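# Architecture and fold: a report
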Amino acid sequence: MSFVKILIVRIKFNYMKQRDLKYSCLIAVLYFGMTVNAQTTPRDTVPKEQKIEEVVMIGYGSQKKENVTGSIGIVSAKDLADKPNANPISSIQGKLAGVNITNSGTPGGSPRVDIRGVGSLTGNTVFIVDGMITTDISYLSSQDIESMSVLKDPSSLAIFGAQAANGAIIIKTKTGKGKPVYNFNSYIGFKKVTNVPEMVNSDQYIELYNEKLYNDNGNGAGSLNRNQFPADTKWFDEIFRTSMINSNDFSATGSLGKLNYYGSVGYLQDEGILAAGRGINSGSDFNRFNSKLNLSYKITDNITIGDNFSFSKIRTDVAQNPLLDAYSAPPIFSVMNPNTGDYQFFNGYSIPNPRAKLDLYRSQVRQERLLNNVWGELKFLKDFTFRISYSSDNYSPSQYEYTPTLTYVPVSSQVAPTLVTRNFRNRNYVWDNTINWKKSFGNHNFDIVAGFSRTRTSLSQDYWSAKNVKYDGTNASLNIANGTDLVHVSGIDRDDAVVSGVFQDQQRIESFFGRINYDYKGKYLLNASIRRDASSQINVDRSRTFPAVSAGWVISKEDFMSEQNIFNLLKLRASYGELGNPNVGRKFNANTSIIGGGAYFGTTGYPATTVDQFIDPAIGWETTTGKDVGLEMALFNNKLKIDAAYYDKDSKNVVYGVNQGTVSGAANWNNFVTNAYSFNNKGFELSVNYNTKINENMTIGVYGNFASLKNEITSVYGGSYLAAGASLFGNSIVRLQAGQAVGSYYGYNVTGVFQTDAEAATSGQSGAKAGWFKFQDQDGNGIIDSRDKTFLGSPIPKGTYGFGVNFNIYAIDIAVDFQGVFGNKIYNYNREQRFGSETWDLDMYENRWQGAGTSNTNSMITSNQSIILPNSFYVEDGSYIRIRNIQVGYNLPKAFAKALSITKLRLYVSAQNPWTSFKYNGFSPEITNTDRVQMGIDNNIYPISAIYTVGMNLTF
């Protein structure tokens, strides 16, 4: 869909007679979001179709789509509207090639966005919303967005320099013009968890538990008896519920003289799927009030001023996620103890009662956020435009976490109730100044921009904790002053945090930049940009310069193409660009530790201070360089559009930890943070769109996209590696090493299950016996040890795709979207992390080894830790295909609408994520870890839900 379309609209003045006006007046206007046929000729010779120029947002400006030489994905307001997602980015999953979006099931949670692979191991994709740079747009309603431009290649991103190492998405919100128009959009629906893993029941659990005792001890001492445990609890049923979601948005747009306005208010409520309403639990509800006001005022023909204002108020109830506990809790225990009426304590088990964990913990985050962008534009000397813009982003989230005394646990384990509060203060601004010169000399067209930008982000935090605070059911009772043993930490530097996660920080970037867009006859295109950034985060080499260049050839405008009638557009483009990233955590001072009695004078020891960690104070810029070659085509009167591209992107000097095993005495010998890594992303992208009008009452549209990706770590500091991510009994399951993809799993490759003790005894696998996993001897020395570990797969998909179809038949519209990934692996950490007598899933019960010849895939039931060493059994296929959205709408006939004094009324029903096909043994193969090193590890992940809604769009 187009973002901005320049239309030549014929206006006929009704008060003039037709014979006095042979031709209607022609007025050029900007029109957003709809396809309208331009009229440039008298009524009796109007062609059925006219060319409409498509304009997209680029850094610090806009450009005709035909003249764009970089790789930019386009998203229209239609792609975002009426989707039941708190975050607008969730709605474009599967819509753009090369943009991999992993949604969070948590209400209000932000998705992870990876544009053309992994750009850095830290940081996030940035959003430029009406000039304000931010990494969080949870405050923004989809209904307020007019267009999105997703900048994918470094040449498009380089104009943002240090801000865009992980990609950038430009968002333009709606503006007003013309007669007043009012819109009301509303939907209501419900959410339901799908694909809940099947767990064993009580009879099956007792069978497996007793079998485990025989396998481990050779006898049944301590066996369970069903008569002792009459309960048969389905713990997932206890913690999940079907929940409601509701959204209502109202907007008004228009003009009052020289003032153009767009204003909106909205309210979204998402109850979340974790069952609330018992104990003091606050569940996982998400509530957002949002408001928007965009104003522009034309003081003179050459001076325009404006303001883009957003205010939101968000409340998030943060339940203590009980999913892993529900996965592990034995079904033989009841929720409540029938004798005491309190929660059941799992005597002899190191597993908390999932229902009690959900009920007896209360946490809530409240946030008010105000963003304001004030701008002014001055046109002078005919071809010049000066623009100044100042954006501020102020928000102060406050959070409390309250845990009462757990009276159902043994007295010896009971602790006083605790209350923790955290008050954050974020104050950010962006100040941009640009001057733009547009000029044509015959067939030579120039568009040159130069500018200066300054950004600052600052964060501070107050931390309080207290014991013995009594809770009476109201937030007002949760007052730190009412407690004892108060701890207060405030305004400390990042390097001196007394309490984990409490710090203050400020980062500043100052930039100069420029860009030249040139084209000759619209056939030969050139774009060149340069940006110099200085960052407060860098201790040495504080300023860096980032250049970019791209070129295009519009072949369809050549004379030799003039006679053909197939291609409306045929364009070849290529680009190269560089980016930098200074926004990585770093320390400038060595950490120290106090050693009691560490220094001796004679025979007397005195406290002493020693250096505890090795710190690299000279950490420098991460850099990204990228190349891109693309081909764009529009065929058959613009009905069919094809965009194909190949990209190759290198990230160098990526800051992260590395193993320094040869360094003795440092606490961080296995996590020395420095410019440690380089890696490469390369792949191919293809997008196809076809839209046609079959007749006056029927249109059809089909789209599809595909992207391949190969990610590889190309070098590691000192030729080392890092064992990172989740670990079990000291065994990490991720290893960052040259030649492998980021986040690759590392462990033993399982080749089967030992069927007899004799087979196990000759394997070289220490202590092995029948029923254990058989690990592959990688080095062939006949001994199985840590040297036989190998890489077991990558969490990064080899390919992502999306496709869909939409119909408009008379008053009915139908749209279906599909999305999927393939070639990635998931590490099922939920299944692996066993410490004792956790329960089992049904697959383990049905396919376990029970004797020679019974299974060569699943091990026997045992508590031996050798079974849960990191290995390929827990590495599963992460491929899936999903119906992302189905929507059916009905537009009230115009005659009926007119009788009701309204312009439009559309009613619709939709289903989001109603069906997913996958092989993974878990809730969903969509794993939402934001840490890119652990992006494929399923460890207590909040599941994705199916959402069914009914809604309406009213315009009057």
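Computed from a prediction, not measured in an experiment: that's the story for all the values here.

The subject of this paragraph is the sheet that holds strand 10 (residues 145–151). Taken together, five strands build an open sheet; the order of strands is 5-10-11-8-9 and the sheet is mixed. Where the open sheet ends on each side, the last strands, each with one partner, are strand 5 (72–76) and strand 9 (132–134). For this sheet, the mean angle separating the axes of adjacent strands, direction not counted, is 20°. As paired strands, strand 5 and strand 10 are joined by five bridges and run antiparallel to one another. If you follow Ile74 over to strand 10, its bridge partner there is Ser149.

Before going further, it helps to examine the environment of Gly108. As for its position among the elements, Gly108 is in the loop between strand 6 (99–102) and strand 7 (112–115). Among the residues examined, Gly108 registers a relative accessible area of 19% and is labelled buried. Sequence-wise, Gly108 and Thr385 are 277 residues apart; in three dimensions their C-alpha atoms are separated by 40 Å. With residues near it in sequence (within four places) discarded, Gly108 still touches Ala86, Ser138 and Phe286.

The subject of this paragraph is a nonpolar patch on the surface. A contiguous nonpolar patch, built from Ile188, Phe190, Met244, Ile812, Val888, Tyr890, Val909 and Val950 and spanning about 630 Å² of accessible area, is present on the exposed surface. When residues of the nonpolar patch are traced back to their parent elements, those giving at least two are strand 12 (181–193) and strand 44 (880–891). Position of Val909 relative to the elements: it lies in strand 45 (residues 904–918). Overall, the relative accessible area of 45% leaves Val909 in the partly exposed class.

On to helix 3 (residues 202–217), then. With 16 residues, helix 3 ought to run about 22 Å at 1.5 Å a step, and its terminal C-alpha atoms sit 22 Å apart, in line with that. Among the residues of helix 3, those classed as buried are Ser202, Gln204, Tyr205, Ile206, Leu208, Tyr209, Asn210, Glu211, Lys212, Leu213 and Asn215. One side-chain oxygen at the N-terminal end of helix 3 lies 3.2 Å from the backbone nitrogen of Asp203; it belongs to Asn201. Just past helix 3, the residue Gly218 takes up positive phi, approximately 80°.

Our next topic: the nonpolar core. Counting 48 residues, the largest nonpolar core has Leu121, Tyr677 and Leu736 as the members making the most contacts within it. Put simply, the parts of the chain that give this core at least two residues each are strand 30 (640–658), strand 31 (672–695), strand 33 (710–716), strand 34 (722–728), strand 35 (731–736), strand 37 (750–753) and strand 38 (773–775). In this structure, Ile89, Val129, Leu157 and Phe513 belong to the second largest nonpolar core, which totals 42 residues.

Before going further, it helps to spend a moment on the side chain of Ser744. Residue position: Ser744 is located in the loop between strand 35 and strand 36 (745–747). Accessibility expressed as a relative area gives 2% for Ser744, which makes it buried. A polar contact of 2.7 Å, which involves the side chain of Ser744, links it to the backbone oxygen of Ala741. Beyond its immediate stretch of four places on either side in the chain, Ser744 contacts Ile733, Val734, Arg735, Phe791, Gly793, Ser794 and Pro795.

This part takes up the packing of aromatic side chains. Pairs of aromatic rings are described using the distance from one ring centre to the other and the angle between the two planes. Taken as a whole and assessed by the stated rule, the structure comprises 39 aromatic pairs. With 5.7 Å between their ring centres and 50° between their planes, Tyr402 and Tyr471 make a pair best called tilted. Pair noted here: Tyr402 is in strand 19 (residues 398–403) and Tyr471 is in the loop between strand 21 (444–467) and strand 22 (484–490), with a separation of 69 residues, a long-range link. We note that Tyr402, like Tyr471, is buried. Among the aromatic residues, those joined into a ring-pair cluster are Phe380, Phe384, Trp437, Phe441, Phe446 and Tyr518. Lying across the ring of Tyr395, Arg369 places its NZ or CZ 4.5 Å from the centre. One cation-aromatic arrangement involves Arg735 over Tyr721; the distance from NZ or CZ to the ring centre is 3.6 Å.

Attention shifts here to the confidence of the model for the protein. Residue-level pLDDT values for the protein average 88, and 91% of them are 70 or greater. Counted against residues more than four places away or in other chains, residues 1–51, with its pLDDT under 50, gives 81 contacts.

As a working rule, side chains carrying opposite charge can pair if their charged atoms are close by. Evaluated as defined, the whole model comprises 41 salt bridges. Residue Glu66 pairs with Lys557 through a salt bridge whose shortest N-O separation is 2.7 Å. Highlighted residues: Glu66 in the loop between strand 4 (61–64) and strand 5 and Lys557 in the loop between strand 25 (543–554) and strand 26 (567–581), separated in sequence by 491 residues. You can call Lys557 partly exposed: its relative accessible area is 30%. Note that Arg573 is salt-bridged to Asp643, the shortest N-O span being 3.0 Å.

What follows covers the side chain of Gln63. As for its position among the elements, Gln63 is in strand 4. Ignoring anything within four residues of it in the chain, the contact list for Gln63 reads Glu54, Val55, Val56, Ile58, Val68 and Asn517.

We now examine the environment of Ser142. Inspection of the secondary structure assignment puts Ser142 in the loop between strand 9 and strand 10. Residue class for Ser142 comes out buried when judged on its relative accessible area of 10%. For the pair Ser142 and Ala356, spaced 214 residues apart in sequence, the C-alpha separation works out to 37 Å. Leaving out residues up to four positions away in the same chain, Ser142 has contacts with Leu80, Asn85 and Pro88.

Bringing the pairing of strand 32 (residues 698–708) into the picture now. By the bridge criterion, 10 bridges tie strand 31 to strand 32 in an arrangement that is antiparallel. Among the inter-strand pairings, Lys693 is bridged to a residue of strand 32, identified as Thr699. Hairpin connection between strand 31 and strand 32: a loop of two residues separates the two successive antiparallel strands. The pairing of strand 32 with strand 40 (residues 799–809) spans 11 bridges and is classified as antiparallel. When the bridges of strand 40 are listed, Ile700 appears paired with Phe807.

Rules used throughout
Residues numbered from 1 in each chain as written. Predicted model: local features only at pLDDT ≥ 70, side-chain atom pairs only at ≥ 80, totals over all residues. Heavy atoms only, no water. Pairing = 2+ DSSP bridges. Helix = DSSP H or I, 4+ residues; strand = E, 2+ residues; numbered from the N terminus. Axes fitted to C-alpha atoms, helices over the stretch in contact; angles between N-to-C directions. Buried < 20%, exposed > 50% of the residue type's maximum accessible area, 1.4 Å probe, protein only. Contact = heavy atoms within 4.5 Å. Patch = residues over 30% accessible without salt bridge, like charges linked within 9 Å, V, L, I, M, F, W, Y side chains within 5 Å. Areas by Shrake-Rupley, 256 points an atom, 1.4 Å probe, with all protein chains shown as cover. Salt bridge = Lys/Arg side-chain N within 4 Å of Asp/Glu carboxyl O. Expected span 1.5 Å × (residues − 1). Polar contact = N/O pair within 3.5 Å; in protein donor to acceptor, adjacent residues only side chain to side chain. Core = buried A, V, L, I, M, F, W, Y, C linked by side-chain atoms within 4.5 Å. Phe/Tyr/Trp six-rings, centres within 6.5 Å; stacked < 30°, edge-to-face > 60°. Lys NZ or Arg CZ within 6 Å of the ring centre and 35° of its normal. pLDDT = per-residue confidence, 0-100.

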